[in-house]
Amino acid sequence: MRTQYEITVIIPTFNEEVNIAGIIEAVYLTLSTNKIHGEILVVDDESRDKTIKIVQDLTLKYNNLKIIVRHSDHGLSQSVVEGFRQANSDIFMVIDADFSHPPCLIPHFYDEIKKGADVVIGSRYTHGGGIKQWPLKRRVLSLGATGLGRILFPEVTDPVSGFFALRREVIEGYQLRPRGYKILMEVLGKGQWKSIIEIPFTFTDRQEGESKLSFCIISDFAKQILNIIAYSFVFRNNHVWNEWKKLTRFGLVGLSGVFVNTGLLYLFTEYLGLYYLIASGIAIEISILNNFLLNDCWTFKIKDEPDLYIQNWFHRFFSFQCVSIVGLLINMGILYFLTDFFGIYYLISNFIGILIVFFWNYLVNRNLTWKA
Ligand code: GDD
């Protein structure tokens, strides 16, 4: 416990001479007008411009401002972790120096933590959030990273956001060794948390200076995902492990559905003499029911109040049924598109379709049918 301040606002910087004075002033004013006794911690990786000098000068004006200059193992995520280590409070807030994140939302993050959330995330992808002035390439990269992140953390819409707050306990005692830009993924993957709140915000691309995102950052991201998965296998009792278990069970249930479907199709056609398309329709419906029942009691272990069970059961079944039918249509669309437009061998197209639809089914059902 370090309760000298109510919150520590961590600002990682590298060559931010054009933005740094402005963001410090904005954070300072936000904290003081909202009567939050906060610390401002700039963590710099030996900027080659005047950033360090500007902050040092400003420490004379703002007595709650501090700068840490790191001399080795440079990187955005590593700097944020150093900020966590040196913070003099039990609530941490991370914000970019370049005004991509609106400092006026800091009190909102603080309030949510005070109300009981473990982690509060500024999200671009939740209702009301958005992105301004991003080139197409950047949008595509971000969607790819977010999609991968969501497989590990399906309940979070923006697991790669750089704008977030958390309680000290979430990460205390855990070894964070992040690389690259996605520090939040490390916090979610290795820390212990129960409740997450997302606050929508509009990410505004920097007006001054330039992004330091490079190809290395993308390969760092891939390594980080593998590292978080490996960590979850070793230490187990964390979110990724639980998610992993659900995903595996969902996959096994899906596999059982394939056997039920094929077996019934054979039985109805060969022994009952049904026309094979009619037999297939019935077999598909029964395999959907099979998958639903197994997922309901095994994968997601639903324990409803007895008086609500029947009503909720029908709700979930209806939702699962709709997701399965849409999944089937997507699968057929991918099969047609890849085979007809790209000339890919139809069995390979089908396999790619199954893979994509599997993740689609999992994510939609996880967040809709069996919303935790
Ligand atoms: N200490 C330190 N060391 N700070 C760094 C470094 C570094 O190596 N690289 C960048 N920063 C600081 C910048 O000075 C800025 O304050 C902040 O980190 C974000 O850097 P940008 O390079 O502007 O990031 P971006 O706009 O491309 O990426 C943002 O969006 C991502 C989501 O798409 C960041 O908010 C990321 O954290 C976020 O994941």
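Residues numbered from 1 in each chain as written. Predicted model: local features only at pLDDT ≥ 70, side-chain atom pairs only at ≥ 80, totals over all residues. Heavy atoms only, no water.

1. A word on the overall build of the protein
Consideration 1: Scanning the protein from N- to C-terminus turns up 12 helices and nine strands.
Consideration 2: Projected onto the principal axes, the alpha-carbon positions of the protein cover approximately 90 × 55 × 35 Å.
Consideration 3: In the protein, the share of contacts with a sequence separation of at least 24, taken over all contacts with a separation of at least 6, comes to 76%.
Consideration 4: Summed over all atoms, the accessible surface of the protein reaches about 19300 Å², with 63% contributed by carbon and sulfur.
Consideration 5: Side-chain charges in the protein split into 36 positive and 36 negative, and the spacing between the mean points of these groups amounts to 3 Å. (Helix = DSSP H or I, 4+ residues; strand = E, 2+ residues; numbered from the N terminus. Contact = heavy atoms within 4.5 Å. Areas by Shrake-Rupley, 256 points an atom, 1.4 Å probe, with all protein chains shown as cover. Lys, Arg positive; Asp, Glu negative; His and termini not counted. Charge placed at Lys NZ, Arg CZ, Asp CG, Glu CD.)

2. Focus on the nonpolar core
Consideration 1: Ranked by size, the top nonpolar core spans 35 residues in total, and within it Ile11 and Ile24 carry the most contacts.
Consideration 2: Among the elements of the structure, strand E1 (7–13), helix H1 (20–33), strand E2 (38–44), helix H2 (51–58), strand E3 (65–69), strand E4 (91–94) and helix H4 (106–115) are those that each provide at least two residues to this core.
Consideration 3: With five residues, the single largest contributor to this core is H1.
Consideration 4: Setting aside anything within four residues of it in sequence, one finds Ile24 in contact with Ile11, Ile40, Val42, Val55, Leu58, Tyr62 and Leu65. (Core = buried A, V, L, I, M, F, W, Y, C linked by side-chain atoms within 4.5 Å. Buried < 20%, exposed > 50% of the residue type's maximum accessible area, 1.4 Å probe, protein only.)

3. Re the confidence of the model for the protein
Consideration 1: Taken over all residues, the pLDDT of the protein has a mean of 90, while the share at 70 or more is 97%.
Consideration 2: Quick note on the complex model: pTM equals 0.80, ipTM equals 0.96. (pLDDT = per-residue confidence, 0-100.)

4. Quick look at the pattern of salt bridges
Should their charged atoms come close, side chains of opposite charge can pair.
Consideration 1: For the structure on display, the rule yields 12 salt bridges.
Consideration 2: As a salt-bridge pair, Arg70 and Asp45 come within 2.6 Å of each other at their nearest N and O atoms. Residue Arg70 is located in the loop between E3 and helix H3 (76–86), and its partner Asp45 is located in the loop between E2 and H2; the two are separated by 25 residues in the primary sequence. With respect to burial, Arg70 and Asp45 carry one shared label: buried.
Consideration 3: Note that Asp118 is salt-bridged to Arg167, the shortest N-O span being 3.5 Å. Here Arg167 lies in strand E7 (residues 164–167) and Asp118 lies in the loop between H4 and strand E5 (119–123), a separation of 49 residues in the sequence. (Salt bridge = Lys/Arg side-chain N within 4 Å of Asp/Glu carboxyl O.)

5. Some points on H4
Consideration 1: Taken residue by residue, H4 has Ile106, Pro107, Phe109, Tyr110, Glu112 and Ile113 as its buried positions.
Consideration 2: Contacts from the buried residues of H4 go to E1, H1, E4, E5, E7 and strand E8 (196–200).
Consideration 3: A positive phi of about 130 degrees marks Gly116, the residue just after H4.

6. Structural notes on the pairing of E1
Consideration 1: For E1, the buried fraction is high: seven of the seven residues fall into the buried class.
Consideration 2: Alternating positions in E1 separate into two faces, Ile7, Val9, Ile11 and Thr13 on one and Thr8, Ile10 and Pro12 on the other, with burial throughout.
Consideration 3: Alignment of E1 against E2, held across seven bridges, turns out to be parallel. Bridge pairing in E2 links Thr8 to Glu39. (Pairing = 2+ DSSP bridges.)

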